[in-house]
Amino acid sequence: MYKYAENNNYTDLRLTVNEENANARYLYEKVGFKVKNIAYSMHLKKE
């Protein structure tokens, strides 16, 4: 992922992860990712 980004002149990487996925959050933070955005969502019931 990092090499691809570097080779293609990316300036940043963004990931989306479920807040309940503690293992993924730990991994991303361990390799240097920081929490940047907080998003809210709501499931709408269809009738």
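I will try to describe carefully the structure that is included in this document. A quick note: this is a predicted structure, and the numbers were derived from the prediction, not measured.

### A few points about the overall build of the chain
Part 1 of the argument: Looking only at helices and strands, one finds two helices and zero strands in the chain.
Part 2 of the argument: Projecting the C-alpha coordinates of the chain onto the three principal axes gives extents of approximately 50 × 20 × 15 Å.
Part 3 of the argument: Looking at the chain as a whole, 6% of its 47 residues qualify as buried.

### A look at the layout of surface pockets
Empty pockets left among the atoms are what a rolling probe the size of a water molecule brings to light.
Part 1 of the argument: If you add up the space inside the largest pocket, you get close to 850 Å³.
Part 2 of the argument: Taken together, 20 residues form the lining of the largest pocket, with L15, T16, V17, V35 and N37 sitting closest to its centre.
Part 3 of the argument: Residues of the lining of the largest pocket, tallied by class, amount to nine nonpolar, four polar and seven charged.

### With respect to the pattern of salt bridges
Part 1 of the argument: Inspection of every chain in the model, using the stated rule, returns two salt bridges.
Part 2 of the argument: Between K3 and E6 there is a salt bridge, with the nearest N and O atoms lying 3.8 Å from each other. Residue K3 and its partner E6 are located together in helix α1 (residues 2-7), separated by three residues, close to a single helical turn.
Part 3 of the argument: The class of E6 is exposed, set by a relative accessible area of 51%.
Part 4 of the argument: Between R14 and D12 there is a salt bridge whose closest N-O contact spans 3.2 Å.
Part 5 of the argument: Residue class for D12 comes out partly exposed when judged on its relative accessible area of 42%.

### Structural notes on the environment of E19
Part 1 of the argument: Along the chain, E19 falls in the loop between α1 and α2 (22-30).
Part 2 of the argument: Of the residues examined, E19 reaches a relative accessible area of 62% and is grouped as exposed.
Part 3 of the argument: Spatially, the C-alpha atom of E19 lies 22 Å from that of K45, the residues being 26 residues apart in sequence.

Quick notes on the rules
- Residues numbered from 1 in each chain as written.
- Predicted model: local features only at pLDDT ≥ 70, side-chain atom pairs only at ≥ 80, totals over all residues.
- Heavy atoms only, no water.
- Helix = DSSP H or I, 4+ residues; strand = E, 2+ residues; numbered from the N terminus.
- Buried < 20%, exposed > 50% of the residue type's maximum accessible area, 1.4 Å probe, protein only.
- 1 Å grid on protein atoms, 1.4 Å probe; cavity = no way out; pocket = protein on both sides within 12 Å on 5 of 7 lines; lining within 4 Å.
- Points joined across faces, edges and corners; volume = space filled by probe spheres on them.
- Nonpolar A, V, L, I, M, F, W, Y, C, P; charged D, E, K, R; others polar.
- Salt bridge = Lys/Arg side-chain N within 4 Å of Asp/Glu carboxyl O.

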